[in-house]
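A look at the structure
Listed below, chain by chain, are the residues.
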Amino acid sequence: MQGDEVSGPGDELPWDVGSLFSDTYTEEERYSFCGRELRITQHFGANLGVAAPVWDAALYLCTYFEEQKLNFKGKKVIELGAGTGIVGILASLLGGRVTVTDLPHALPQIRKNVSVNVSLDQAPDVCALSWGIDQVHFPEDYDFVLGADIVYLKETYDLLLQTLLHLCGPRTTIFLSSKMRKEHGTMDFFQNILPQYFKVEIVKHDVEDSLNIYKVTQKLASDFQN
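Residues numbered from 1 in each chain as written. Predicted model: local features only at pLDDT ≥ 70, side-chain atom pairs only at ≥ 80, totals over all residues. Heavy atoms only, no water.

The protein chain appears in an unreviewed UniProt entry as EEF1A lysine methyltransferase 3 from Engystomops pustulosus.

Glancing now at the sheet that holds strand β6 (residues 142–148). In spatial order, the strands read β5-β4-β3-β6-β7-β9-β8; together these seven strands make up an open sheet with mixed pairing. Of all strands in the sheet, those bounded by a partner on one side alone are β5 (125–128) and β8 (198–206). Here the average twist between neighbouring strands, direction ignored, is 20°. As defined by bridge partners, strand β7 (residues 168–179) adjoins strand β9 (residues 211–218) across seven bridges and the pair is classed as antiparallel. Bridged to leucine 176 within β9 is tyrosine 214. Helix α5 (residues 157–167) contacts β3 (76–80), β6, β7 and β8 of the sheet and is inclined by roughly 145° relative to β7. Set on the sheet, helix α6 (residues 186–193) makes contact with β7, β8 and β9; between it and β7 the angle comes to about 150°. (Pairing = 2+ DSSP bridges. Helix = DSSP H or I, 4+ residues; strand = E, 2+ residues; numbered from the N terminus. Axes fitted to C-alpha atoms, helices over the stretch in contact; angles between N-to-C directions. Contact = heavy atoms within 4.5 Å.)

What the rule picks out here adds up to six salt bridges. We note a salt bridge from arginine 39 to glutamate 28, for which the minimum N-O separation is 3.4 Å. Here glutamate 28 lies in strand β1 (residues 25–33) and arginine 39 lies in strand β2 (residues 36–44), a separation of 11 residues in the sequence. The exposure class of arginine 39 is partly exposed, given its relative accessible area of 32%. Note that lysine 76 and aspartate 141 form a salt bridge whose closest N and O atoms lie 2.9 Å from each other. Note that lysine 76 is positioned in strand β3 and aspartate 141 in the loop between β5 and β6, a separation of 65 residues in sequence. Given a relative accessible area of 45%, aspartate 141 falls into the partly exposed group. One network of salt bridges, in which partners are shared, links Glu28, Arg30, Glu37 and Arg39. (Salt bridge = Lys/Arg side-chain N within 4 Å of Asp/Glu carboxyl O. Buried < 20%, exposed > 50% of the residue type's maximum accessible area, 1.4 Å probe, protein only.)

Right, let's get into the pairing of β3. For β3, a buried count of four out of five residues is recorded, marking the element as mostly surrounded by other parts of the structure. Note that β3 and strand β4 (residues 97–102) share four bridges and pair parallel. Among the inter-strand pairings, valine 77 is bridged to a residue of β4, identified as valine 98. Once the chain exits β3 it traverses helix α3 (residues 86–93) before rejoining the sheet at β4, and the crossover so formed is right-handed. The pairing of β3 with β6 spans four bridges and is parallel. (Right-handed = clockwise from strand over helix to strand, strands pointing away.)

Here you go:
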């Protein structure tokens, strides 16, 4: 996740970063998806903030990969705002040629989790990517762009759009898994802002936990005429 304003895992995003992550500690959790066991370390503290936890939206997206038996073999994949890197790590284990990205302060945590879970020959690249700035240094032809709980700060929405528009080619599929937080305009982003530039479809919805997964693809010329 990108941004400095924070929320506790799985719930709303309070604005007081210091109170939420005032204690510094490390937790390791084990998760099982697609027949793989993942060991994910989370370094809680004010330094990492929202990048520290495994968010519900990330687990929801991993579950979707498992349910749909998605094939990443040989596919070019990038994860945005990776945090712990769990989504990109799973895509790597499923055969993807993956680049995992976040802001620089989150990269040591991602690299640790990559080293524990993925062999050197499968390991994804781990790179800094600040939306709206660094995307020009990345290719424009990814097969998949992945993001879990990265839509939560209105001031970053335009920057995220710029990044998605650069990374997404005619054959790109974007999967965005998100906690639907009304007070942060998350629904507005997916219902009104993103559809101006992309075709947007809900492919998985959890009413109880207010989680959605969106499949996003490039618009054709005919789509702009409708």
